[in-house]
Amino acid sequence: MKGTVSQTSLKVGYTADPDRIEQYDIVFVPSGFFASDAYGKKESLPTSPLPKIEGIPFLFGSDLIEKKGSTIVIHADLPASAFCFLSRYEELCHPELRDEHGRFNARWSLLTKNGFLAKPLVDAYTAFIRKLLQETGRQMPTNQGKLSKLWLTHDVDVPFYCQGFRSFAREALKGSGLKKALRLALQKAEADPYYTFRYFFDTDSRAISLCTFPVEGIYFFKAGGNSIHDKPVYSLESKRMRHLLYAVQNEGFQIGLHGSYSSGKTGKISKEKKLLEKAIKENIYSFRQHFLRACEPSCFTQLENSGITDDFTMGYADMAGFRLGTCRPVRWINPSSGHLTSLLLHPLAIMDTTLFQTSYMGLSFDKAKDYCLQLVEQARLHDGELCLLWHNSNISVQACPGNQRPWIRDLYTFIIDHLCDIDPRN
Ligand SMILES: [Zn+2]
């Protein structure tokens, strides 16, 4: 992997060849990671705690920094370290580490073990290199301290609390009374306890008009699935669903595919995409997998082959933070082949369920607020993106199952208000 990366007129080398070093402004000395026979195996990864360079952990090489002529020579193999985080290489090396939903959890990641899940480590590498170059008199571009994009995303797992006859039977069996059960089952879509979309439409539109950076909203809808975790399976052709899909489009928001629980493993992504496209009469380019599962190379390859250009799955369900080690969108690097693809991965920083569910972070409102502000600040510092995921069913204010944390809606309002107030000059 010898060569030069051109960034304006900066010459960056990745070589240990003493005859070539001085032709570069900055050189990273390869640790041998890419050439190792252990590539793709867990033995290729270091154990924690990791070595650090100016307080920043890295995976390979040493913390030696030297000058050769006017060239800065860095012996920490930051390119290989960045590759591992951006491609989720460690997840490939540890197929035995998966939870009951087949997911690699945050608690197993080197980022979490080294205290860097809430700070984008690869972006810290960039800042460190920029500082080194500035110290040697190089003119380097500086960050604006402004988000490059805010993604307000909503997974529509359960569009309605009341699903026709089944809901009628459920309410009747619960003892709600036949009259109430019938009223719940037959009411208009907007009267349903889980129809909180009006709140999202208004709040997200406010962010679009008030924030000083670009904001976009996406609603991810399912289009299939037969696992117990896909329930309720809703028909995109039902009157209420057609009404909802139309409302989302009419409000000017994007619709993306929420791949069903097993779609990544069973090769159903393309089929589900076509079904959703047929229902909305538009092409689909954005994707998120239900339960944030199946981020394996085979799943991403399916996305590419299906015409999906943007994925929003890359966050951990059990802990909010920067799973890719960055808050910037990155083209997916297949860790098996090292191939750089055209699929763009958008880091998912915060999912509502992650914050309150006791099996995940189990935070109180105040703690969740503080933690979210930390992540917002990190993304802002690095001119990165911020992607939020809030579910319509989690913010229902009416008394029904799923509404165990009424503050989840207040937290969303708080974050949006904060983002609308951010002045990039401060
Ligand atoms: Zn989902």
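Structure: above.
Residues numbered from 1 in each chain as written. Predicted model: local features only at pLDDT ≥ 70, side-chain atom pairs only at ≥ 80, totals over all residues. Heavy atoms only, no water.

**Student:** Before we go on, may I ask you to explain helix H7 (residues 197-210) in this structure?
**Tutor:** In this model H7 runs 20 Å from its N-terminal to its C-terminal C-alpha over 14 residues, within 8% of the 20 Å that 1.5 Å per residue would give. Turning to H7, its buried residues number three or more, namely Phe 197, Tyr 199, Phe 200, Phe 201, Thr 203, Asp 204 and Ala 207. Buried residues along H7 sit against strand S8 (149-156), strand S9 (215-221), helix H8 (239-250) and helix H14 (407-421). (Helix = DSSP H or I, 4+ residues; strand = E, 2+ residues; numbered from the N terminus. Expected span 1.5 Å × (residues − 1). Buried < 20%, exposed > 50% of the residue type's maximum accessible area, 1.4 Å probe, protein only. Contact = heavy atoms within 4.5 Å.)

**Student:** What's the story with a positive patch on the surface in this structure? I'm lost.
**Tutor:** A cluster of basic residues, Lys 188, Lys 239, Arg 242, Lys 278 and Lys 281, forms a positive patch at the surface. Turning to its location among the elements, Lys 278 is positioned in helix H10 (residues 269-280). Judged by relative accessible area, Lys 278 falls into the exposed class, the value being 64%. (Patch = residues over 30% accessible without salt bridge, like charges linked within 9 Å, V, L, I, M, F, W, Y side chains within 5 Å. Areas by Shrake-Rupley, 256 points an atom, 1.4 Å probe, with all protein chains shown as cover. Salt bridge = Lys/Arg side-chain N within 4 Å of Asp/Glu carboxyl O. Lys, Arg positive; Asp, Glu negative; His and termini not counted. Charge placed at Lys NZ, Arg CZ, Asp CG, Glu CD.)

**Student:** Help me understand the nonpolar core, please; the structure alone is not making it clear to me.
**Tutor:** Inside soluble globular proteins, nonpolar side chains tend to come together where they are buried. Counting 116 residues, the largest nonpolar core has Phe 221, Leu 355, Leu 388, Trp 390 and Leu 419 as its most contacted members. Two domains each donate at least three residues to this core, and these are domain 1 (4-135) and domain 2 (149-159 + 194-421). Formed by 10 residues, the second largest nonpolar core is a distinct cluster that contains Phe 312, Ala 317, Leu 348 and Cys 387. (Core = buried A, V, L, I, M, F, W, Y, C linked by side-chain atoms within 4.5 Å. Domains from an automatic or database assignment.)

**Student:** Got a minute to help me understand the pattern of salt bridges in this structure?
**Tutor:** Summed over all chains, the structure comprises 17 salt bridges. Notably, a salt bridge pairs Glu 91 with Arg 88, separated by 2.7 Å at the nearest N-O pair. Exposure remark for Arg 88: the relative accessible area of 4% places this residue in the buried category. Shared partners join several salt bridges into a network, and the residues in it are Arg 88, Glu 90, Glu 91 and Arg 323.

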